[in-house]
Amino acid sequence: MPRVGFVSLGCPKALVDSEQVLTRLNSEGYKTVSDYAAADLVIVNTCGFIDEAIDESLEAIGEALAENGRVIVTGCLGAREAGDYVRQRHPRVLAVTGPHAAEEVMAAVHRYLPRVHSPFVDLIPDHGVKLTPSHYAYLKISEGCNHRCSFCIIPSMRGDLVSRPIGEVLREAESLVKAGVRELLVISQDTSAYGVDRRYRTDFVGGRPVRTRLGELARELAALGAWVRLHYVYPYPSIDAILPLMAETTLDGQKRLLPYLDVPFQHASPRILKLMKRPASGEKNIERIQAWRSICPDLTLRSTFIVGFPGETEAEFEELLAFLRTARLDRVGCFAYSPVEGAAANDLPGAVPDAVKEERRERLMAVQAQISEARLRERIGRTIEVIVDDVQDNIAVARSWADAPEIDGLVHIQNGADLRVGQILRVRVVEATEHDLIALRLDDEVIRRNDRQEDT
């Protein structure tokens, strides 16, 4: 069998691209290997958004060339200047493609490592090859973005919004759940805009007409029985209609559409948001957050922010800190502004010194650390539902509805030695740290007794 090494960098959307290529490779009889020496060629899926990601991608390409010598490059970095950016730095690469380009990648593989006939192609699972653990998977519902944020070059790499038909998305989701996936993480560049480009066209799901729109998709996914988590959601009014579904519980008491929203606010100053050309920059976000929590008190909100954007004053930064103290977001990531080659923001006046940017980032994260710890302490004594990611010695490492994999916190179950990865169960929170929770597994009778006490 021809052997292919694979290096996957970047965000979950790039991870899905990698999964699609790996699925094609396996279905055509190629074997994927984990070391350079054993590979006939290497594919590197790159990220090209910020300087650190570009450096990491270029380093990964260089390492693959040094260790193997036959390298195909794909991903966002490959979209820069139609691939010339990569070739200028690494002229020995065999081929360069942009993101979401499985066909082009496979064409390059066929050229430099011809496929062989394999009698085992029917052994590839319907849901394809996944790079995530078997109990959760990313579900990409669209590609590209219609927005033109001044700090971002993703539309120039991935193009405008192209939504997948809802029937196609749900068939993939059903296949994943049948294969044992217990958590679906819905991703795209702008999840809230799902279906806009298709004018919310009707598709068929199990013979039923269903519109290609986020609200309908969320309801259909919630009915599959797995956890469903929404990422990259903009605070449009249309999201308001999804909150009642998040607040619902099924007959067995388990949340399906998780009360969790990943909302990239980026800033709080109207002037800075206007300079960023952010969508929904005119929305009354504090009022919207308060309304969401009144509908769904368990709602967890994650967001990211940029500090030190060109022209940001100390007063505007303080406005952002005031927003955080009022919004009391559960999870926050923060980046010091970094110029991205090709981004419109590079031409804005008022560049903030690097030392000031870093100082503001540290101040923001210090404020948020206090908020996050206080939010977590509010859960002490509660019974919550968790999904198990790992078991080490007597402790099970799990996540609650409030924790997306790899970016949020964890729940450490002290008496979880006999739990299984992917198992969903209810635990009692006994302690909280700055980022994580400590919990104990309870039997069903204890849970029912404690829940009755909470109700009274």
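Summary of the structure given here. Everything numeric in this text was worked out from a predicted model, so none of it was measured.

**Re the overall build of the protein**
Summing up its helical and strand segments, the protein has 14 helices and 20 strands in all. In terms of C-alpha radius of gyration, the protein reaches 23 Å, essentially the compact-globule figure of 23 Å for 456 residues. Counting only C-alpha atoms, the protein reaches 70 × 60 × 50 Å along its principal axes. Per-residue burial for the protein yields a buried fraction of 56% across its 456 residues. A separation of at least 24 residues holds for 73% of the contacts in the protein among residues at least 6 apart in sequence. For the protein, the accessible area works out to roughly 20,000 Å², and carbon and sulfur atoms hold 51% of it. Computed over 56 positive and 67 negative side-chain charges, the inter-centroid distance for the protein is 4 Å.

**Points about the pattern of salt bridges**
All told, the structure shown has 33 salt bridges when counted by the stated rule. Across the salt bridge formed by Glu378 and Arg328, the nearest N and O atoms sit 3.0 Å from each other. Placement of Glu378 in the loop between α13 (354-377) and β16 (383-392) and of Arg328 in the loop between α12 (314-327) and β15 (331-336) is noted, with a sequence separation of 50 residues between them. Residue classification places Glu378 among the partly exposed residues on the basis of a relative accessible area of 46%. Overall, the relative accessible area of 27% leaves Arg328 in the partly exposed class. Beyond isolated ion pairs, a larger network of salt bridges with shared partners links Arg293, Arg328, Asp330, Arg375, Glu378 and Arg379.

**A look at the sheet that holds strand β17 (residues 395-400)**
Taken in spatial order, the five strands line up as β16-β17-β18-β20-β19 and close into a barrel, and their pairing is mixed. Direction aside, the axes of adjacent strands within the sheet are offset by 50° on average. Relative to strand β20 (residues 437-441), strand β18 (residues 411-413) runs parallel, the two sharing three bridges. Of the residues in β20, the one forming a bridge with His412 is Ile438.

**Here we look at the sheet that holds strand β9 (residues 183-187)**
Backbone-to-backbone hydrogen bonds join strands into a sheet, with any given pair of strands oriented parallel or antiparallel. In spatial order, the strands read β6-β9-β12-β13-β14-β15; together these six strands make up an open sheet with parallel pairing. Each edge of the open sheet is held by one strand with a lone partner, namely β6 (136-140) and β15. Going across the sheet, the axis of each strand differs from the next one's by a mean of 20°, ignoring polarity. Where strand β12 (residues 227-230) and strand β13 (residues 257-262) come together, two bridges link them in parallel fashion. Bridge assignment links Val228 to a residue of β13, and that residue is Leu257. Sitting on the sheet, α12 is in contact with β14 (300-307) and β15, with an inclination near 170° to β14. Contacting β14 and β15, α13 crosses the sheet at an angle of about 175° to β15.

**Structural notes on helix α1 (residues 12-27)**
Helical periodicity: at 3.6 residues per turn, an α-helix aligns residues three or four positions apart in one direction. For α1, which comprises 16 residues, the first-to-last C-alpha distance of 22 Å matches the rise-based estimate of 22 Å (1.5 Å per residue) to within 8%. The buried count for α1 comes to twelve of 16 residues, which makes it a mostly enclosed element. Note on α1: the residue one or two positions beyond its end, Gly29, has a positive phi of about 95°.

**A short note on the environment of Val42**
Relative to the helices and strands, Val42 resides in strand β3 (residues 41-46). C-alpha of Val42 to C-alpha of Ala268: the two residues are 226 residues apart in sequence and 43 Å apart in space.

**With respect to the packing of α12 against α13**
Following both chains from N to C, one finds α12 and α13 inclined at 15°, their axes separated by 10 Å at the closest point. With respect to each other, α12 and α13 are oriented roughly parallel. As α12 packs across α13, the resulting crossing turns out to be right-handed. Judged by residue contacts, Glu314, Phe317, Glu318, Leu320, Leu321, Leu324 and Arg325 of α12 engage Arg360, Arg363, Leu364, Val367, Gln368 and Ile371 from α13. Looking at the contact of α12 with α13 residue by residue, the class counts come to seven nonpolar, one polar and five charged.

**Regarding the state of the cysteines**
Tallied over the entire structure, the rule returns zero disulfides. For Cys145, which is in no disulfide, the shortest distance to another cysteine sulfur is to Cys149 and amounts to 6.4 Å. Since its relative accessible area comes to 6%, Cys145 is described here as buried. As a non-bridged cysteine, Cys334 has Cys149 as the owner of its nearest cysteine sulfur, 17 Å distant. Residue classification places Cys334 among the buried residues on the basis of a relative accessible area of 10%.

**Overview of the packing of helix α11 (residues 285-295) against α12**
Their axes nearest at 10 Å, the elements α11 and α12 cross at an angle of 15°. One way to sum up the angle between α11 and α12 is to call them roughly parallel. Taken as a pair, α11 and α12 cross one another with a handedness that is right-handed. Contacts between α11 and α12 pair Asn285, Ile286, Ile289 and Arg293 from the former with Phe323, Thr326 and Ala327 from the latter. When the residues that make up the contact of α11 with α12 are grouped by side-chain class, the tally is four nonpolar, two polar and one charged.

Calculation rules
Residues numbered from 1 in each chain as written. Predicted model: local features only at pLDDT ≥ 70, side-chain atom pairs only at ≥ 80, totals over all residues. Heavy atoms only, no water. Helix = DSSP H or I, 4+ residues; strand = E, 2+ residues; numbered from the N terminus. Rg over C-alpha atoms; globule rule 2.2 N^0.38 Å. Buried < 20%, exposed > 50% of the residue type's maximum accessible area, 1.4 Å probe, protein only. Contact = heavy atoms within 4.5 Å. Areas by Shrake-Rupley, 256 points an atom, 1.4 Å probe, with all protein chains shown as cover. Lys, Arg positive; Asp, Glu negative; His and termini not counted. Charge placed at Lys NZ, Arg CZ, Asp CG, Glu CD. Salt bridge = Lys/Arg side-chain N within 4 Å of Asp/Glu carboxyl O. Pairing = 2+ DSSP bridges. Axes fitted to C-alpha atoms, helices over the stretch in contact; angles between N-to-C directions. Expected span 1.5 Å × (residues − 1). Parallel < 35°, antiparallel > 145°, perpendicular 65-115°, else oblique. Left-handed = near helix turned anticlockwise from the far one by under 90°. Nonpolar A, V, L, I, M, F, W, Y, C, P; charged D, E, K, R; others polar. Disulfide = S-S within 2.5 Å.

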